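So you can see what is in the structure, the chains are spelled out below.
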Amino acid sequence: MGLGVEWAVDWLKLSAKAMAEHRVELIEMDRAIGDSDHGENMDRGFQAVVQKLEEAPPETPGAALKVAAMTLMSKVGGAAGPLYGTAYLRAATSLGDLTDVDAGAMAEALAAARDGVVARGKAEPGDKTMIDAWTPAVDAARNAAATGGPLDVLEAAAQAAEAGATATDPLVARKGRASYLGERSAGHRDPGAASSALILRAAVDAASSPGSAGTGPE
Ligand code: ADP
Ligand code: MG
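Bear in mind that the values here come from a model prediction, so they are computed numbers and not experimental data.

About the cut-offs
Along each chain, residue indices are assigned from 1 in the same order as the chain's sequence is written. Following the order in which they are written, the chains are lettered starting with A and the ligands numbered starting with 1. Totals for whole chains, interfaces and linings use all residues, but because this is a predicted model, local features are given only for residues with pLDDT of at least 70 and pairs of side-chain atoms are given and counted only at 80 or more. The basis for the side-chain values is all heavy atoms of the structure; hydrogens and waters are excluded. Numbering of helices and strands runs from the N terminus; a helix is a DSSP stretch of H or I covering at least four residues, while a strand is a stretch of E covering at least two. Residue count minus one, scaled by 1.5 Å, sets the expected span of a helix. Note on exposure labels: buried denotes an accessible area under 20% of the residue type's maximum, exposed denotes more than 50%, and partly exposed covers the range between, all computed with a 1.4 Å probe on protein chains only. Contact definition: two residues touch when any of their heavy atoms are within 4.5 Å. A 3.5 Å cut-off defines polar contacts: any pair of N or O atoms within that distance qualifies, except that in protein one atom must be a possible hydrogen donor and the other a possible acceptor, and neighbouring residues in sequence count only when both atoms are side-chain atoms. Donors, by definition, are the N, O and S atoms found within 2.8 Å of a metal, the threshold being 3.2 Å for Na, K and Ca, and water is not counted, so a site can look incomplete. Consider each residue's heavy atoms; a residue with any of them within 4 Å of a molecule or strand counts as near. Surface accessibility in these figures is a Shrake-Rupley result with a 1.4 Å probe; residues are shielded only by whichever protein chains are displayed. In this classification, the charged set is Asp, Glu, Lys and Arg, the nonpolar set is Ala, Val, Leu, Ile, Met, Phe, Trp, Tyr, Cys and Pro, and all remaining amino acids, among them Gly, are polar.

Trainee: Outline the environment of M70, supporting the account with residue identities and numerical values.
Mentor: One can find M70 in helix α4 (residues 61-75). Remark: the alpha-carbon pair of M70 and L89, spanning 19 residues in sequence, is separated by 7.8 Å.

Dropping the structure here:
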């Protein structure tokens, strides 16, 4: 059995919760190597996503992710809004009209999201961006899809993203605002990689405890 629209809506709601809970932490990370707005941007953007989902409940996982894409693109300024917007839009397109997302479709949706961020931002692995969370996540997701179900895919992706975000600490930024600092960007975690890991962890939580975001009959 795959994951349906309740999962997708829960994922976005739990992402919003995570952005609110980690708002200050993400602000502090961005203060060190950027302009302090990442936590604020992500919190505001995801609260708007939740509001849109409540106004017009989507019928498929792809439709839910499309709402996230459109809302984040219009509500979140800076680099992250368009990057996450593109990620959700590509993932939505990859899922199409599927009502039940199996392991293979899940891994390919995550790959499409990552490819969207790369197409938009042109970052490579090691540039100290969210790509350093997404790329290992996609590799792990594809490996997990060969043998496991969609929850295994998400768990593998979240774990790899968390390790990838931690691994940005020593890197020197080569893309985005942090790159203006040059060598001084080393010794700090990339905020976009950290928020990406939180978002992928929320996907696991939505799949492992249905209804935990206050949606659905459970
Ligand atoms: P801004 O840098 O405009 O203030 P945010 O603070 O919201 O925007 O987001 C910063 C994050 O965006 C960075 O931590 C990094 O992960 C990500 N980022 C910036 N530029 C790029 C890029 N070209 N490709 C991928 N990710 C990027
Ligand atoms: Mg910023």
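Trainee: I'd love a proper account of helix α6 (residues 103-121), names of residues and values included.
Mentor: Between its terminal C-alpha atoms α6 stretches 27 Å, which fits the 27 Å expected from 19 residues at 1.5 Å a residue. When α6 is considered as a whole, its buried residues turn out to be A103, A105, M106, A107, A109, L110, A111, A112, A113, R114, G116 and V117. For α6, the secondary structure elements touched by its buried residues are α1 (5-21), α5 (80-95), α7 (131-145), α8 (150-166) and α9 (191-208). Near the N-terminus of α6, the side chain that reaches the backbone nitrogen of G104, with its oxygen 3.3 Å away, is that of D102. K122 sits one or two positions beyond α6 and adopts a positive phi of about 60°.

Trainee: Talk me through the coordination of the magnesium ion (ligand 2); I want residue IDs and the actual numbers.
Mentor: Only D30 (OD), D35 (OD) and D37 (OD) from the protein reach the magnesium ion (ligand 2) as donors, at distances of 2.0 to 2.2 Å. The sequence pattern describing where the donors of the magnesium ion (ligand 2) fall on their chain is D-x4-D-x1-D.

Trainee: Give me the lowdown on the site of ligand 1, citing residues and values where you can.
Mentor: Near ligand 1 lie 21 residues; those nearest to it are D35, A79, G121, D190 and G192. Side-chain polar atom of H38 to an oxygen atom of ligand 1: 2.9 Å apart, as the coordinates give it. Within the backbone of G192, a nitrogen or oxygen atom sits 2.9 Å from an oxygen atom of ligand 1. Considered on its own, ligand 1 offers 570 Å² of accessible surface; in the complex 93% of this is hidden by protein. Residue assignment for the shell around ligand 1 shows that the elements contributing at least two residues are α3 (38-55), α5, α6 and α9. Among the elements that make up the shell around ligand 1, the one with the highest residue count is α9 (three residues). Of the residues assigned to the shell around ligand 1, the class counts are eight nonpolar, seven polar and six charged.

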